[in-house]
Amino acid sequence: MISPPRIELAHVRLVRGRTQVLENLSLVWDQPRIGLIGDNGAGKTSLFRLLCGLEAPAAGEVLFDGQNLHAAGRERTRWVGMMFQNPDDQIIFPTVEEELALGLQSRSASRHEAKAQAREFLAQRGLAHWAERAISSLSQGQRQMVCWLALLIAAPRTVLLDEPYASLDLPGQAQLADDIAAASQQVIVSTHVLAHVRDYPRVVWLDQGRVRGDGPGEEVCAAYEAAVQAAVAARRALGTATAAHGH
Ligand SMILES: Nc1ncnc2c1ncn2[C@@H]1O[C@H](COP(=O)(O)OP(=O)(O)OP(=O)(O)O)[C@@H](O)[C@H]1O
Ligand SMILES: [Mg+2]
């Protein structure tokens with residue numbers, strides 16, 4: 001594998017609407033595979049949106065191999081690409097081949113060449129019949145797979161996968177896991193299914209926009225599970241106490 005890029009967040013503050021999502025967040029990500037975990041609303045998607053330039057920091061900066069990511073122009077699409085939690089937020093074009101061709105056109109292939117390459121890419125994966133399919137005629141999981149293929153073909157140096165396994169069937173999950181293992185890029189995966197990142201050398205646990213755990217997947221996932229169990233037990237005990245009080 002080519003050495004992964006170095007993504008650095010320095011004292012980043014991110015505000016979305018009226019919510020302060022990240023407060024003074026500093027992190028360096030330079031491993032080939034990183035997992036990102038944490039409760040709903042912890043800030044995982046917001047962090048990904050920041051890293052691909054869809055959100056700008058209110059304070060601090062994000063550096064990609066030392067270059068300010070938010071000051072970069074078009075080249076940023078070659079640095080970082082994201083697979084959205086909801087495929088419909090990502091897909092722009094009506095057909096599969098057009099959607100896949102988009103990533104190639106940004107690499108200066110002509111429209112015609114890009115479509116031909118997209119068809120070739122689909123054929124290599126046994127999906128030639130998908131080329132002219134209307135995206136709206138695909139299932140949610142199939143649309144998620146299109147998003148993953150679009151990212152593979154565009155080949156940015158870092159890929160951010162936001163809950164990529166959520167709608168995939170079991171063969172699709174296995175395919176994605178194999179694709180991730182084979183990818184030459186830096187891959188950062190956010191997931192609620194800890195099994196997918198437990199064996200990663202590095203997992204970051206976000207909690208209300210702050211890093212609450214950072215280390216080997218085994219350790220960080222175990223710490224997160226323990227915290228969740230403790231919180232659930234406390235809630236149940238409180239529920240029992242409230243119910244007892246009511247009688
Ligand atoms: N478009 C938005 N406008 C305002 N606030 C937002 C917006 N999107 C998210 N937020 C807020 O930002 C915080 C972080 O949300 P985010 O979507 O990043 O969490 P997440 O970790 O991805 O959660 P999930 O596991 O549910 O996907 C939450 O408090 C959320 O309410
Ligand atoms: Mg999210």
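Note that the structure is a prediction, hence the values are computed from the model and not measured.

**Student:** Account for the side chain of Thr 158, with residues named and values stated.
**Tutor:** The topology assignment puts Thr 158 in strand E7 (residues 158–162). With a relative accessible area of 0%, Thr 158 lands in the buried category. Contacts of Thr 158, omitting those with residues within four sequence positions, involve Pro 5, Ile 7, Phe 64, Trp 79, Val 80, Gly 81, Gln 186 and Ile 188.

**Student:** An account of the sheet that holds strand E8 (residues 186–190) is needed here, citing residue identities and associated values.
**Tutor:** The strand order E6-E7-E8-E3-E9-E10 describes an open sheet built from six strands, whose pairing is mixed. With partners counted over all chains shown, the strands left at the sheet margins are strand E6 (80–83) and strand E10 (210–215), one partner each. Between one strand and the next, the sheet's axes are offset by a mean angle of 20°, whatever the strand orientation. Relative to E8, strand E3 (residues 33–37) runs parallel, the two being bridged by four bridges. Paired with Leu 36 across the strands is Ser 190, a residue of E8. Strand contacts of helix H1 (residues 44–51): E3, E6, E7, E8 and strand E9 (203–207), with the helix running at about 155° to E7, the strand carrying the most contacts.

**Student:** Please provide a residue-by-residue account of the site of ligand 1, values included.
**Tutor:** Around ligand 1 there are 14 residues in total, and Gly 41, Lys 44, Thr 45, Ser 46 and His 192 lie nearest to it. Gly 43 places a main-chain nitrogen or oxygen 2.9 Å from an oxygen atom of ligand 1. Note that an oxygen atom of ligand 1 is positioned 2.9 Å from one of the side-chain N or O atoms of Gln 85. When the free accessible area of ligand 1 is taken as 640 Å², the share hidden by the protein chains comes to 66%. Counting only elements with at least two residues in the shell around ligand 1, the list comes to strand E2 (19–29) and H1. When grouped by side-chain class, the residues that make up the shell around ligand 1 number two nonpolar, nine polar and three charged.

**Student:** I'd like a description of the pairing of E9, backed by residues and values.
**Tutor:** For E9, the tally of buried residues reaches four of five residues, placing the bulk of the element in the interior. In terms of strand pairing, E3 meets E9 through three bridges, oriented parallel. Bridging from a neighbouring strand, Gly 35 pairs with Val 203 of E9. Taken together, the five bridges between E9 and E10 define a ladder with antiparallel strand orientation. By the bridge assignment, Asp 207 is partnered in E10 with Arg 210. Linking E9 to E10, which pair antiparallel, is a turn of two residues; within it Gln 208 sits at a positive phi near 45°.

**Student:** Just give me the short version of unusual backbone geometry, but keep the residues and values in it.
**Tutor:** Even without being glycine, Asp 65 reaches a positive phi, approximately 50°. Asp 65 gets classed as partly exposed once you look at its relative accessible area, which sits at 37%. Positive phi, close to 50°, is recorded for Glu 163, a residue that is not glycine. Topologically, Glu 163 is positioned in the loop between E7 and helix H6 (170–182). The exposure class assigned to Glu 163 is buried, which follows from its relative accessible area of 7%.

**Student:** For the coordination of the magnesium ion (ligand 2), give the residues involved together with the corresponding values.
**Tutor:** The protein atoms donating to the magnesium ion (ligand 2) are Thr 45 (OG1) and Gln 85 (OE1), with metal-donor distances spanning 2.0 to 2.6 Å. Separated by 40 residues along the polypeptide, Thr 45 in helix H1 and Gln 85 in the loop between E6 and helix H3 (96–105) bring together distant segments of the chain.

**Student:** Please set out the nonpolar core residue by residue, giving values where relevant.
**Tutor:** One finds Ile 37, Leu 100, Trp 148, Leu 161 and Ile 180 to be the most contacted residues of the largest nonpolar core, which totals 42 residues. Elements supplying a minimum of two residues to this core: H3, helix H4 (111–124), helix H5 (140–154), E7, H6, E8, E9 and helix H7 (217–246). Here the element with the most residues in this core is H5; it accounts for nine residues. In terms of nonpolar packing, the next biggest core, distinct from the first, is built from 29 residues, Leu 9, Leu 27, Leu 47 and Phe 64 among them.

**Student:** Now, about the environment of Gln 105: what can you tell me, with residues and values included?
**Tutor:** For Gln 105, the location among the structural elements is in helix H3. Sequence separation between Gln 105 and Lys 115 is 10 residues, and the spatial gap between their C-alpha atoms is 9.0 Å. Dropping the residues within four chain positions of it, Gln 105 is found in contact with Ser 110, Arg 111 and Ala 114.

Reading guide: rules and limits
- Residues numbered from 1 in each chain as written.
- Chains lettered and ligands numbered in written order.
- Predicted model: local features only at pLDDT ≥ 70, side-chain atom pairs only at ≥ 80, totals over all residues.
- Heavy atoms only, no water.
- Helix = DSSP H or I, 4+ residues; strand = E, 2+ residues; numbered from the N terminus.
- Buried < 20%, exposed > 50% of the residue type's maximum accessible area, 1.4 Å probe, protein only.
- Contact = heavy atoms within 4.5 Å.
- Pairing = 2+ DSSP bridges.
- Axes fitted to C-alpha atoms, helices over the stretch in contact; angles between N-to-C directions.
- Near = heavy atom within 4 Å.
- Polar contact = N/O pair within 3.5 Å; in protein donor to acceptor, adjacent residues only side chain to side chain.
- Areas by Shrake-Rupley, 256 points an atom, 1.4 Å probe, with all protein chains shown as cover.
- Nonpolar A, V, L, I, M, F, W, Y, C, P; charged D, E, K, R; others polar.
- Donors = N, O, S within 2.8 Å, 3.2 Å for Na, K, Ca; no water.
- Core = buried A, V, L, I, M, F, W, Y, C linked by side-chain atoms within 4.5 Å.

Take it as geometry only, folks, not as evidence of what the structure does.
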